[in-house]
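# Observations on chain architecture
Now for the letters of each chain:
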Amino acid sequence: RMWALAWLSISSLCLGAAWAAPAKGERRKMEKLKADLALYENLDLDSYGLSLDNYGENLDLSNYEDLYDYGDLAPKIEVGTLAPRPKDTTAEILELQPPTTISSILPAPIPAQGLPSCLLCLCLGTSVYCDDADLEHIPVLPPETTYLYARFNRIGTIRASDFMGLKQLKRIDLSSNCISWADADAFRLLPSLQELILPENRLQALPELPRSIVRLDARLNSIPSAGLRPEAFRDLKQLQFLHLSDNQLDYIPAPLPQSLRSLHLQNNNIQTMHQDTFCDSHDHSQVRRALEDIRLDGNPINLGLFPNAYFCLPRLPTGRFF
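Reference entry: report on the structure contained in this document. (Residues numbered from 1 in each chain as written. Predicted model: local features only at pLDDT ≥ 70, side-chain atom pairs only at ≥ 80, totals over all residues. Heavy atoms only, no water.)

### Quick word on the state of the cysteines
One pass over the full model with this rule turns up 3 disulfides. Here Cys 118 engages in a disulfide with Cys 123; their sulfurs sit 2.1 Å apart. Because the torsion about its S-S bond is -100°, the bridge between Cys 118 and Cys 123 counts as left-handed. One disulfide in the model links Cys 121 with Cys 130; its S-S distance is 2.0 Å. Taking the torsion about the S-S bond as the criterion, the Cys 121 to Cys 130 disulfide, at about 110°, is right-handed. You can call Cys 121 buried: its relative accessible area is 12%. (Disulfide = S-S within 2.5 Å. Buried < 20%, exposed > 50% of the residue type's maximum accessible area, 1.4 Å probe, protein only.)

### Description of the pattern of salt bridges
Per the counting criterion, the structure on display carries 16 salt bridges. With its nearest N and O atoms 3.8 Å apart, the salt bridge here joins Asp 173 to Arg 151. One end of the pair, Asp 173, is in strand E5 (residues 171-173); the other, Arg 151, is in the loop between strand E3 (147-149) and strand E4 (157-158), and 22 residues separate them in sequence. The class for Asp 173 is buried, based on a relative accessible area of 4%. One salt bridge connects Asp 217 with Arg 215, and the closest N-O pair in it is separated by 4.0 Å. Residue Asp 217 is classed as buried on the basis of its relative accessible area, which comes to 2%. It is possible to trace a salt-bridge network through shared partners that takes in Asp 131, Arg 151, Arg 171, Asp 173, Glu 195, Arg 215, Asp 217 and Arg 219. (Salt bridge = Lys/Arg side-chain N within 4 Å of Asp/Glu carboxyl O. Helix = DSSP H or I, 4+ residues; strand = E, 2+ residues; numbered from the N terminus.)

### Some thoughts on unusual backbone geometry
In terms of backbone geometry, most residues other than glycine have negative phi values and most peptide bonds are trans. Residue Ala 254 is joined to Pro 255 through a cis peptide bond whose omega torsion reads 0°. With respect to the helices, strands and loops of the structure, Pro 255 is situated in the loop between strand E9 (241-243) and strand E10 (262-264). Even without being glycine, Phe 152 reaches a positive phi, approximately 60°. Checked against the element boundaries, Phe 152 lands in the loop between E3 and E4. On the accessibility criterion, Phe 152 (47% relative accessible area) is partly exposed. Located in the positive-phi region is Asp 246, a residue other than glycine, with phi close to 60°.

### Concerning the side chain of Ser 176
Inspection of the secondary structure assignment puts Ser 176 in the loop between E5 and strand E6 (181-182). Classification of Ser 176 as buried rests on a relative accessible area of 16%. Aside from chain neighbours lying at most four places away, what touches Ser 176 is Phe 152, Asn 153, Pro 199, Glu 200 and Asn 201. (Contact = heavy atoms within 4.5 Å.)

### Focus on the packing of aromatic side chains
Under the counting rule described, the total for this entry stands at 3 aromatic pairs. For the pair Tyr 129 and Tyr 149, a centre-to-centre distance of 5.3 Å together with 5° between the ring planes defines the contact as stacked. One end of the pair, Tyr 129, is in strand E2 (residues 127-129); the other, Tyr 149, is in strand E3, and 20 residues separate them in sequence. On the basis of relative accessible area, Tyr 129 is assigned to the partly exposed category, the value being 34%. Residue Tyr 149 is classed as buried on the basis of its relative accessible area, which comes to 15%. With 6.2 Å between their ring centres and 75° between their planes, Tyr 310 and Phe 321 make a pair best called edge-to-face. Of this pair, Tyr 310 sits in the segment after strand E11 (293-295) while Phe 321 sits in the segment after E11, and the two are 11 residues apart along the sequence. (Phe/Tyr/Trp six-rings, centres within 6.5 Å; stacked < 30°, edge-to-face > 60°.)

Below, the structure is given as structure tokens:
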């Protein structure tokens, strides 16, 4: 009987503990729920409506960098250095391509028809450039040549055959050579020649010129008056620029064509002139407006001794008048 009473008491204690444990857990859950409800009741959720206008007001990002350190992910760049250069894959691509030669880049050269001028010089269109090419004579030129530049060479003579058949040749520039002689027909048979440039040579005689000539420049040679043909410029109706300064002329080469605009004869040995050198002394109504530039400075002539020689000119020649 005593053992039965003991077992009943023990059983009641266990059952009471079993019922008491769930009751205690439920109380804790209820207390936590009440605390959470009280917390959310105190929050003003209306102020958390995020937009682009109030984004910065509701979220504080001032300590964002302190919370998250990305230093290990970004490459370290020291102050004063350049950013790391991106990997260049061009070299790798070029290595995969076949080598390129100059002949595949430049267009195929135009055959020069074996002419020495286009082998020694530069032929561009109808112009031939032979400057400073160490030439001793005029090379054979293409028949369509229009402009020839052969300055700063050692050309000594000009032969009649050098320009034979060049009907389109308009300009010849042989400045700064050693030319001491030119055949009489070297330029006369060139129907299109307009400019003949021969300064700084050793010419002692001037060859006959074609009637198409517009500009003759033979400065800094050794041409005396005897080196000019009588009335050498009378029939050159298109001549506008005649420059014979720094030679050995004794007189002004009259008559001069009416087309002349510029006459440079400075630094010669001219001592006198005729009354009809520039104007027709028998026609005092003559006006020669084209001839505006006459230079006679550097000559021993006194221009003041010939006052009637300039009445038809738009301005007096440059030189000494006393």
